Amino acid sequence: MRKVEEREISQAVIRRLPRYYRYLGELLESGVERISSNDLSKRMKVTASQIRQDLNNFGGFGQQGYGYNVKYLYTEIGKILGLENDHNFVIIGAGNLGQALANYSNFENRGFVLKGIFDANPTLKGMSIRNVPVRMMDELNDFIRANDVEIAVLTIPKSVAIEVAKDLVDAGIKAIWNFAHVDLNVPDNVIVENVHLIESLMRLSYNISRYNEEHKLDK
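If you're wondering where the values come from, they're calculated on a predicted model, not measured in any experiment.

Draft legend 1. View of the overall build of the protein. Along its length, the protein carries nine helices and nine strands. For the protein, buried positions account for 38% of its 219 residues. When contacts within the protein are restricted to residue pairs at least 6 apart in sequence, long-range pairs at least 24 apart make up 57% of them.

Draft legend 2. Structural view of the pairing of strand 6 (residues 132–136). The pairing of strand 4 (residues 112–119) with strand 6 spans three bridges and is classified as parallel. Bridged to Ile117 within strand 6 is Val134. Bridge analysis of strand 5 (residues 128–129) against strand 6 gives two bridges, and the strand direction is antiparallel. Opposite Ile129, over in strand 6, you have Val132 as the bridge partner. In this antiparallel pair of consecutive strands, strand 5 and strand 6, the connection spans two residues, and Arg130 shows a positive phi of 50 degrees.

Draft legend 3. View of the pattern of salt bridges. For the structure on display, the rule yields five salt bridges. A salt bridge links Glu76 to Lys79; its shortest N-O distance comes to 3.5 Å. One end of the pair, Glu76, and the other, Lys79, are both in helix 4 (residues 70–80), three residues apart, so they sit about a helical turn from each other. Glu76 gets classed as buried once you look at its relative accessible area, which sits at 5%. A salt bridge links Arg130 to Glu108, with the nearest nitrogen and oxygen atoms 3.5 Å apart. Of this pair, Arg130 sits in the loop between strand 5 and strand 6 while Glu108 sits in helix 6 (residues 106–109); the two residues are 22 residues apart in sequence, bridging distant segments of the chain.

Draft legend 4. Looking closely at the nonpolar core. Ranked by size, the top nonpolar core spans 22 residues in total, and within it Ile92, Leu154, Leu168, Ile176 and Leu184 carry the most contacts. Listing elements by their share of this core, those giving two or more residues are strand 3 (87–92), helix 7 (140–146), strand 7 (151–154) and helix 8 (158–171). Per element, the largest residue contribution to this core is five residues, and it comes from helix 8. Discounting residues that sit within four places of it in the chain, Leu184 has contacts with Leu154, Ala161, Ile162, Ala165, Ile176, Asn178 and Val192. In terms of nonpolar packing, the next biggest core, distinct from the first, is built from 21 residues, Tyr20, Tyr21, Phe58 and Phe61 among them.

Draft legend 5. Seen up close, helix 8. Taking 1.5 Å per residue, 14 residues should reach 20 Å; helix 8 reaches 20 Å between its end C-alpha atoms and fits that length. Three or more residues of helix 8 are buried, namely Ala161, Val164, Ala165, Leu168 and Ala171. Contact partners of the buried residues in helix 8: strand 3, helix 7, strand 7 and strand 8 (175–178). Once helix 8 finishes, Gly172 follows within two positions and takes phi at roughly 100 degrees, a positive value.

Draft legend 6. The side chain of Asn88, seen in detail. As for its placement among the helices and strands, Asn88 is situated in strand 3. Among the residues examined, Asn88 registers a relative accessible area of 16% and is labelled buried. With near-sequence residues (within four places) excluded, Asn88 lies in contact with Val113, Lys115, Asn147, Asp148, Val149, Glu150 and Ile151.

Draft legend 7. Structural context of the packing of aromatic side chains. Counted by the stated rule, this structure contains seven aromatic pairs. Here Tyr21 and Tyr74 contribute two aromatic rings whose centre-to-centre distance is 4.2 Å and whose plane-to-plane angle is 15 degrees, an arrangement assigned as stacked. Residue Tyr21 is located in helix 1 (residues 11–29), and its partner Tyr74 is located in helix 4; the two are separated by 53 residues in the primary sequence. Its relative accessible area of 12% is what places Tyr21 among the buried residues.

Draft legend 8. Spatial organisation of helix 3 (residues 48–56). The set of residues buried in helix 3 consists of Ala48, Ile51, Asp54 and Leu55. Each buried residue of helix 3 sits inside an arc of 125 degrees when the element is viewed along its axis, so together they form one side. The secondary structure elements touched by the buried residues of helix 3 are helix 1, helix 2 (37–44), strand 2 (68–69) and helix 4.

Draft legend 9. Region of interest: the environment of Gly111. Mapping Gly111 onto the fold places it in the loop between helix 6 and strand 4. Sequence separation of Gly111 and Gln53 is 58 residues, and the distance between their C-alpha atoms is 28 Å. When residues no more than four places from it in sequence are discounted, the contact partners of Gly111 are Asn85, Asp86 and His87.

Reading guide: rules and limits
- Residues numbered from 1 in each chain as written.
- Predicted model: local features only at pLDDT ≥ 70, side-chain atom pairs only at ≥ 80, totals over all residues.
- Heavy atoms only, no water.
- Helix = DSSP H or I, 4+ residues; strand = E, 2+ residues; numbered from the N terminus.
- Buried < 20%, exposed > 50% of the residue type's maximum accessible area, 1.4 Å probe, protein only.
- Contact = heavy atoms within 4.5 Å.
- Pairing = 2+ DSSP bridges.
- Salt bridge = Lys/Arg side-chain N within 4 Å of Asp/Glu carboxyl O.
- Core = buried A, V, L, I, M, F, W, Y, C linked by side-chain atoms within 4.5 Å.
- Expected span 1.5 Å × (residues − 1).
- Phe/Tyr/Trp six-rings, centres within 6.5 Å; stacked < 30°, edge-to-face > 60°.
- Arc of directions from axis to C-beta.

Take a look at the structure:
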């Protein structure tokens, strides 16, 4: 992997990297060996200039008049995203959302290995989801340490999420994927990715309303 200069990469660029990775993977599956920034921009609805600027943050990858080698670029972006290494994770909360995530097999295809599922409900103890048994919360701390778990997924009510997050930090968790509708107060060395489903639906509602208003004016 080529060395990236020591500078801050914007979150907007980081958010686009998984999209590049996904589209390049689709191109690979279709047998495409090289692609220009112009052709990639048409597929992704991102300008060719933006693509070149994004990739230049990591040293470029293309050649003038040649474009990008799809397989090479796919591999390099995977390395930038840290996908060459497996990441062990646990799910906290074996309700509907937790079970749905546990059943999503594509995590393993990207190197995210589900090691355990935890819940406070004793009636769920011993239930298995894709051969992963549901364990009780009193086992969490020792399990994280014994299984080199880096990531915890929170799919629990916000009323208990803050306290559970503290326990996860004490157990050595490096990152939290937070589906609980609450902001977590964790140390700076613990990475939190918040997923607010209702906020996403609200943004969708806004865009629908704006679209409807614009088309009323067109009539």
